[in-house]
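Per-entry structural report
Take a look at the letters that make up each chain.
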Amino acid sequence: MQKLIIKGKRYLNGKILISGSKNATLPILAACILSNNIKLQNIPLVKDIFTMVELLEFIGLKVKIFKKQNTLEILNNGNKINTLAPYRLVKTMRAGVLVLGSLLTKYKKAKVSLPGGCAIGTRPVDLHLFALKKMGAKIKIKNGYIIAEAKKGLRGSTIKFPSISVGATENALLAAFNAKGKTILKNCAIEPEIRDLISFLIKLGANIKFSGRTITINESINKKLKANHEVMFDRIEAGTYLIASALVGERITIDRINPEIIKTEINTLKKIGVKIKKDKSSITILNSKYLKKINISTKPYPGFPTDLQAQLMVLLTQAEGTSKIKEDIFENRFMHVPELNRMGAKIETNNKIAIINGPTKLTGAEVMATDLRASVSLVLAGLVAENRTVINRIYHLDRGYELLEKKLKSCKAEIRRV
Ligand code: UD1
């Protein structure tokens, strides 16, 4: 099994180019079922995207990958469509459940494996099903599968989500694409990746309006069979390298981003004392010597993202004073804490709260990755720690970080895969 070995305490300089967003690409790929001929650019070549491509191919779409250009071409000629998403493909990547909305709205039926829990929590799909039922789907759960049917097609409806979910908002948007009449979605997630999905659906001819947390989808008679789309930048990857730069950067530029989209992250880092220079499509982090404690909760966008909580925690181990992080999205997302404590951090957790006592000197150790973002937090800890850190189970990292070692090495980090 592959491992990453990092020699820490090296000061980094250089430029990091941010890849396309994994979490925007996944729902957009699910939306490709709705059309015939799609070209997608700025696709991150990471494991989760290959799994989604495999799922689309299983369903019957033809996908061509142009690796050098980070481009995909997806054709749906409507022949031999299999309205099934099998367990083996959904269990490793929960976003597989997003094909439910597209299949059901286009083919009037779908059988999609329940994704099951994962390291960070139980992660149910009740909100996805709630929305589809409101649109007229008949749904039963049998042998671990969601079996959904809408013999006469889905119909528009007013749906108020009882709580905010990114995936449920995306599935409802996809389902509304072919629904008869008007769909109004209230209390939606408004993550930038959802806005990217909406701009893609508009290119496919959807009529969608956005206001606060309400999204209105009017029935459209002008569907397009062909579209091109360039996926937005990965704001979580950008945030991860911003935090890495705050930890060990002398001068690092994070390029190919839109700083406006990550205002909360920038302001949080500024509060901690990180020196940041913003440009139109890049941010430069300067050597930040004195870091201060902070109290923060993770929240749906535009709040601080749960996907950056573990990385921020590493930064706070280097800040003066006692910081507090409340994890408000997932119930079990502090799995990195015992590993960080083995490296010398002083972090206590109580239910949703983590108390970080800083600053502490971190020292290299052999550690184990548990999920995507927890894994990358161990990489950040390894960069700031003395001596050698060995990270096991790095397949989690490969699910979501394109060219991680190459990007860090270009800034002179000592990191290698064995
Ligand atoms: C997406 C992101 C993930 C991110 C998360 C929150 C993708 C592929 N993944 O995941 O990286 O961490 O948003 O920003 O984009 N919930 C329910 N019932 C449901 C659905 C969700 O109770 O039917 C709960 C979840 O357990 C969780 C919370 O709602 O506690 C938010 O989850 P959700 O926004 O749905 O996350 P995902 O779409 O799975």
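What counts as what
Residues numbered from 1 in each chain as written. Predicted model: local features only at pLDDT ≥ 70, side-chain atom pairs only at ≥ 80, totals over all residues. Heavy atoms only, no water. Axes fitted to C-alpha atoms, helices over the stretch in contact; angles between N-to-C directions. Helix = DSSP H or I, 4+ residues; strand = E, 2+ residues; numbered from the N terminus. Parallel < 35°, antiparallel > 145°, perpendicular 65-115°, else oblique. Left-handed = near helix turned anticlockwise from the far one by under 90°. Contact = heavy atoms within 4.5 Å. Nonpolar A, V, L, I, M, F, W, Y, C, P; charged D, E, K, R; others polar. 1 Å grid on protein atoms, 1.4 Å probe; cavity = no way out; pocket = protein on both sides within 12 Å on 5 of 7 lines; lining within 4 Å. Points joined across faces, edges and corners; volume = space filled by probe spheres on them. Domains from an automatic or database assignment. Buried area = accessible area lost by both parts, 1.4 Å probe. Near = heavy atom within 4 Å. Polar contact = N/O pair within 3.5 Å; in protein donor to acceptor, adjacent residues only side chain to side chain. Areas by Shrake-Rupley, 256 points an atom, 1.4 Å probe, with all protein chains shown as cover. Expected span 1.5 Å × (residues − 1). Buried < 20%, exposed > 50% of the residue type's maximum accessible area, 1.4 Å probe, protein only. Phe/Tyr/Trp six-rings, centres within 6.5 Å; stacked < 30°, edge-to-face > 60°. Lys NZ or Arg CZ within 6 Å of the ring centre and 35° of its normal.

1. What about the packing of helix 8 (residues 235-248) against helix 12 (residues 372-384)?
Running from amino to carboxyl end, helix 8 crosses helix 12 at an angle of 20 degrees, the nearest separation of the two axes being 9 Å. Compared by their axis directions, helix 8 and helix 12 come out roughly parallel. Once helix 8 is placed against helix 12, the crossing between them reads as right-handed. Within the contact between the two elements, helix 8 uses Ile236, Thr240, Ile243, Ala244, Leu247 and Val248 and helix 12 uses Arg373, Val376, Leu380, Leu383 and Val384. Taken together, the residues of the contact of helix 8 with helix 12 sort by class into nine nonpolar, one polar and one charged.

2. Notes on the layout of surface pockets
Approximately 440 Å³ is the volume attributed to the second largest pocket. In this structure, the second largest pocket is lined by 20 residues; those nearest its centre are Leu17, Ile18, Ser19, Asn42 and Arg256. Elements supplying a minimum of two residues to the lining of the second largest pocket: strand 2 (12-17) and helix 14 (404-409). Here the lining of the second largest pocket takes three residues from strand 2, the largest share from any one element. Two domains each put at least three residues into the lining of the second largest pocket: domain 1 (4-19 + 233-417) and domain 2 (22-230).

3. A short note on empty space enclosed by the protein
Evaluation of the coordinates by the stated rule reveals two cavities of 30 Å³ or more. Within this model, the largest cavity holds a volume of roughly 50 Å³. Lining the largest cavity are Thr306, Asp307, Leu308, Gln309, Ala310, Gln311, Arg333, His336, Asp371, Arg373 and Ala374. At the level of elements, helix 10 (309-316) and helix 12 are the ones that each hand at least two residues to the lining of the largest cavity. Top contributing element to the lining of the largest cavity by residue count: helix 10, with three residues. The class makeup of the residues in the lining of the largest cavity is three nonpolar, four polar and four charged. Estimated volume of the second largest cavity: approximately 30 Å³.

4. Things to note about the domain arrangement of the protein
What the domain assignment lists for the protein is domain 1 (4-19 + 233-417) and domain 2 (22-230). Between the C-alpha centres of domain 1 and domain 2 the distance comes to 31 Å. Taken together, the contacts link 23 residues of domain 1 with 22 residues of domain 2. Between domain 1 and domain 2, roughly 1,800 Å² of surface is buried when both sides are summed, and carbon and sulfur atoms account for 51% of that area.

5. Here we look at the site of the ligand
If you check the shell around the ligand, you find 16 residues, and the closest are Asp126, Leu127, Ser165, Asp307 and Ile329. Contact distances for the ligand include 2.7 Å between an oxygen atom and a backbone N or O atom of Val166. Between an oxygen atom of the ligand and a side-chain N or O atom of Asp307, the distance comes to 2.6 Å. Compared with its free state, where it exposes 740 Å², the ligand has 82% of that area covered by protein. Going through the elements one at a time, helix 1 (22-31), helix 5 (126-134) and helix 6 (166-176) are the ones with two or more residues in the shell around the ligand. If you tally residues by element for the shell around the ligand, the top one is helix 5, at three residues. The residue makeup of the shell around the ligand, split by class, is seven nonpolar, five polar and four charged.

6. Remarks on helix 7 (residues 192-203)
Each full turn of the α-helix corresponds to 3.6 residues, which orients residues three or four apart in the same direction. Taking 1.5 Å of rise per residue, the twelve residues of helix 7 would be expected to cover 16 Å, and the 17 Å separating its terminal C-alpha atoms lies within 8% of that figure. Of the positions making up helix 7, those classed as buried are Pro192, Glu193, Ile194, Asp196, Leu197, Ile198, Phe200 and Leu201. Just past helix 7, the residue Gly205 takes up positive phi, approximately 105 degrees.

7. Topic: the packing of aromatic side chains
Tallied over the full model, the rule gives zero aromatic pairs. We note Arg195 situated over the ring of Phe210; from NZ or CZ to the ring centre the distance is 4.1 Å. The ring of Phe177 has Lys223 lying over it, and the distance from NZ or CZ to the ring centre is 4.8 Å.

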